[in-house]
Amino acid sequence: MPIANSCSYLTSSGFGLELNDLDLADLNDQTRDILVKAFYQSGGVLLIRNQQHLTPKQLCDFAALFGVVEKNEKYNPDFLLPDYPEILRLGTLMEEGKRKALWIKSDEELLWHSDDTFRHPQPIGSCLYCLTAPKEGAATWYAGMNHAYDALSDDLKKRINPLTAVHSYDHLNELLRQTNPHRPPLSEELKANLPPITRPLVAEHPVTHNKSIYATNIHIERINEMDDKQARELLEELLSHATKPEFAFAHAWQPGDLVLWDNRCTMHAPSPFDDNKYERLMYRLTMNGEQIVGAVALNTA
Ligand SMILES: [Fe+2]
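Residues numbered from 1 in each chain as written. Predicted model: local features only at pLDDT ≥ 70, side-chain atom pairs only at ≥ 80, totals over all residues. Heavy atoms only, no water.

*Asks:* Help me out: how do you make sense of the coordination of the iron ion in this one?
*Replies:* With distances of 2.1 to 2.2 Å, the protein atoms coordinating the iron ion are His-113 (NE2), Asp-115 (OD) and His-268 (NE2). The sequence pattern formed by the donor residues of the iron ion is H-x1-D-x152-H. One end of the pair, Asp-115, is in the loop between strand 8 (98-99) and strand 9 (125-132); the other, His-268, is in strand 18 (residues 266-270), and 153 residues separate them in sequence. Given the relative accessible area of 6%, His-268 is considered buried. (Donors = N, O, S within 2.8 Å, 3.2 Å for Na, K, Ca; no water. Helix = DSSP H or I, 4+ residues; strand = E, 2+ residues; numbered from the N terminus. Buried < 20%, exposed > 50% of the residue type's maximum accessible area, 1.4 Å probe, protein only.)

Okay, structure coming up:
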């Protein structure tokens, strides 16, 4: 246990850790060290509640414990918290008829993914901080890919260990266009800037050296060593295994909640809410850092 008498697991497999009685506004070297250790021991998700009082600076300092915090250059500056480009606002926030937060309406179907696996380097993780939560809906699901990998049969581990998958932003975009025809195809420029990337199907974490299933189905265009049908069947099998209740949970947000996740060993999925009825505002900070082992093999297939 990283913090005696003040933490609890979020799933029966031991994936996910809630830390209690912790004030992120009042950290010292020892508690900072405990937080980082707890993050890696958790299998990649920490939940810390009751942090309503945090300042933007304290939030940035917290995120910086885990990696280099991004400045969100690729987003509309209107969505960033003034004076804190590290903080991207997500949700329904409007001011004078203008959107002041990135608004992405979630599907009913859970779109499990690990962020930006089609990008190299991939962001290593993010933290979400809740300011305003709808009374119903808008939960975020998390699944622990390391705990899910450990529970696979030895035969299946042996079968998937050597496989490699092609992750593609174009593939994701075309998939999303099937349910949202107004979404434009990727421009040739964007396709050239974000070529498909080959990654191992089983990832070794650079810090813990634990192995994880690393299979964001919606980003994977193909598995190099298999035909399409075999690949889709395998990916479906891995996803349904990895999102079983013992490896996955839904977090129903309250203001002051903070969740930190590691893209190298977890997946997550948003769920919808009625935006005609409720408002939502979250702050998201994203970190860069050490990549999964074997993630450098780029191709332009
Ligand atoms: Fe995401």
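From this point, the narrative continues.
*Asks:* Honestly, the packing of aromatic side chains in this entry has me stumped. Any pointers?
*Replies:* When we look at a pair of aromatic rings, we describe it by the centre distance and by the angle of the planes. Summed over all chains, the structure comprises ten aromatic pairs. Summarising the aromatic geometry, the rings of Phe-39 and Tyr-40 are spaced 5.3 Å apart at their centres and angled 50° between planes, so their arrangement reads as tilted. Ring geometry for Tyr-142 and Trp-261: centres 5.7 Å apart, planes at 45°, overall tilted. Of the two residues, Tyr-142 is situated in strand 10 (residues 140-144) and Trp-261 in strand 17 (residues 258-262); the sequence distance between them amounts to 119 residues. Each member of the pair, Tyr-142 as well as Trp-261, carries the same accessibility label: buried. Taken together through their ring pairs, the aromatic side chains of Phe-15, Tyr-142, Phe-249 and Trp-261 make up a single cluster. (Phe/Tyr/Trp six-rings, centres within 6.5 Å; stacked < 30°, edge-to-face > 60°.)

*Asks:* Explain the pairing of strand 10 here, please?
*Replies:* Look at any regular strand and the pattern is simple: side chains alternate between the two faces of the sheet. Burial of strand 10 is extensive: four of the five residues sit out of reach of the surface. Pairing of strand 10 with strand 16 (residues 248-251), which is carried by four bridges, proceeds in the antiparallel orientation. Directly across from Ala-143, in strand 16, lies its bridge partner Ala-248. Across five bridges, strand 10 lies against strand 18 in antiparallel orientation. Considered in strand 18, the bridge of Tyr-142 is made with His-268. (Pairing = 2+ DSSP bridges.)

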